[in-house]
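Residue-level structural notes
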Amino acid sequence: QVRLVEWGGGSMRAGESLRLSCADSGQIFSGKTVAWYRQVPGEQRGLVAQISSSGTTTYADSVKGRFTISRDDARNTVHLQMDSLKPEDTAVYYCMSAGIWGQGTQVTVSS
């Protein structure tokens, strides 16, 4: 079964860093844009960052300068480096590509 698997979430303090990773079990990423979304209870899932197959990146205004998305096509993996974390970054983070979603990983940031 083709799927995306995320890991790396956890509980951090404001100002700390965390790296999320997403692996593709079935060549989903090949030639595709990969994106990270996040969702808090009661709100819609929102785009955090995305990276095209050529490496072009896009970020939500709220994370620009703090988060960095990267891809390792040799390992079918995409990373989201999150620096200078803020409590408002608390959410479940999802990886998505070609309409396929991962299961999500929880990130909690305390002040």
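Residues numbered from 1 in each chain as written. Predicted model: local features only at pLDDT ≥ 70, side-chain atom pairs only at ≥ 80, totals over all residues. Heavy atoms only, no water.

1. A look at the overall build of the protein chain
In plain terms, the rule: The helix count covers DSSP runs of H or I at least four residues long, the strand count covers runs of E at least two residues long, and both are numbered beginning at the N terminus. The globule rule is 2.2 Å times the number of residues to the power 0.38, and the radius of gyration it is compared with is taken over C-alpha atoms. Residue exposure (1.4 Å probe, protein chains only): buried if accessible area is under 20% of the type maximum, exposed if over 50%, otherwise partly exposed. Residue contacts are counted whenever heavy atoms from the two residues lie within 4.5 Å of one another. Throughout, the Shrake-Rupley method with a 1.4 Å probe supplies accessible areas, and for residues the shown protein chains are the sole cover considered. In this tally Asp and Glu are treated as negative and Lys and Arg as positive; neither His nor the chain ends contributes. Taken as the charge centre is NZ of Lys, CZ of Arg, CG of Asp or CD of Glu, depending on the residue.
From N to C terminus, the protein chain includes zero helices and eleven strands. Each helix (α) and strand (β) of the protein chain, taken in turn from the N terminus, gives the series β-β-β-β-β-β-β-β-β-β-β. Its C-alpha atoms give the protein chain a radius of gyration of 13 Å, within 12% of the compact-globule value 13 Å for 111 residues. Each principal axis of the C-alpha distribution contributes one length, and for the protein chain these read about 40 × 25 × 20 Å. In the protein chain, which comprises 111 residues, the share counted as buried stands at 40%. A separation of at least 24 residues holds for 52% of the contacts in the protein chain among residues at least 6 apart in sequence. With the model as given, the accessible surface of the protein chain reaches about 5,800 Å², and the carbon-plus-sulfur share is 45%. Between the averaged position of the 11 positive side-chain charges in the protein chain and that of its 10 negative side-chain charges there is a distance of 2 Å.

2. Quick word on the pattern of salt bridges
For clarity, the cut-off: We define a salt bridge as a contact between a side-chain nitrogen of Lys or Arg and a carboxyl oxygen of Asp or Glu at a distance within 4 Å.
Per the counting criterion, the structure on display carries five salt bridges. Its salt-bridge partner being Lys64, residue Asp61 comes within 3.1 Å of it at the nearest N-O pair. We note a salt bridge from Asp72 to Arg75, for which the minimum N-O separation is 3.0 Å.

3. Examining the side chain of Arg71
Formally: Within 3.5 Å is the distance limit for a polar contact, defined as a pair of N or O atoms, with the added protein rule that one can donate a hydrogen and the other accept it, and that residues adjacent in sequence qualify only through two side-chain atoms.
Relative to the elements of secondary structure, Arg71 occurs in strand 7 (residues 67-72). Judged by its relative accessible area of 16%, Arg71 is buried. Here the side chain of Arg71 touches Lys32 through a polar contact of 2.9 Å, landing on its backbone oxygen. In terms of polar contacts, Arg71 uses its side chain to reach the backbone carbonyl oxygen of Ile51, at 3.4 Å. Setting aside chain neighbours within four positions, we find Arg71 in contact with Phe29, Lys32, Thr33, Val34, Ile51, Ser52, Ser53, Thr77 and Val78.

4. Section: the packing of aromatic side chains
The cut-off we apply is this: For this analysis, a ring pair means two rings from Phe, Tyr or Trp (six-membered ring only for Trp) whose centres lie within 6.5 Å, classed as stacked if their planes differ by under 30 degrees, edge-to-face if by over 60, and tilted for the remaining angles. Definition used: whenever NZ (Lys) or CZ (Arg) falls within 6 Å of the ring centre and also within 35 degrees of the ring normal, the charge is taken to sit over that ring.
For the structure shown, the criterion picks out two aromatic pairs. Their ring planes at 85 degrees and their centres at 6.3 Å tell us that Tyr94 and Trp101 sit as a pair that is edge-to-face. For Tyr94, a relative accessible area of 14% corresponds to the buried category. The side chain of Arg45 reaches across the aromatic face of Tyr94, ending 3.6 Å from its centre. Above the plane of the ring of Trp101 lies Arg45, whose end atom (NZ or CZ) is 4.6 Å from the centre.

5. Here we look at unusual backbone geometry
Phi is positive for Asn76, close to 50 degrees, though the residue is something other than glycine. Counting through the fold element by element, Asn76 comes out in the loop between strand 7 and strand 8 (77-82). Positive phi is not limited to glycine here, since Ala98 has a value of about 55 degrees. Checked against the element boundaries, Ala98 lands in the loop between strand 9 (91-97) and strand 10 (100-101). The exposure class assigned to Ala98 is partly exposed, which follows from its relative accessible area of 47%.

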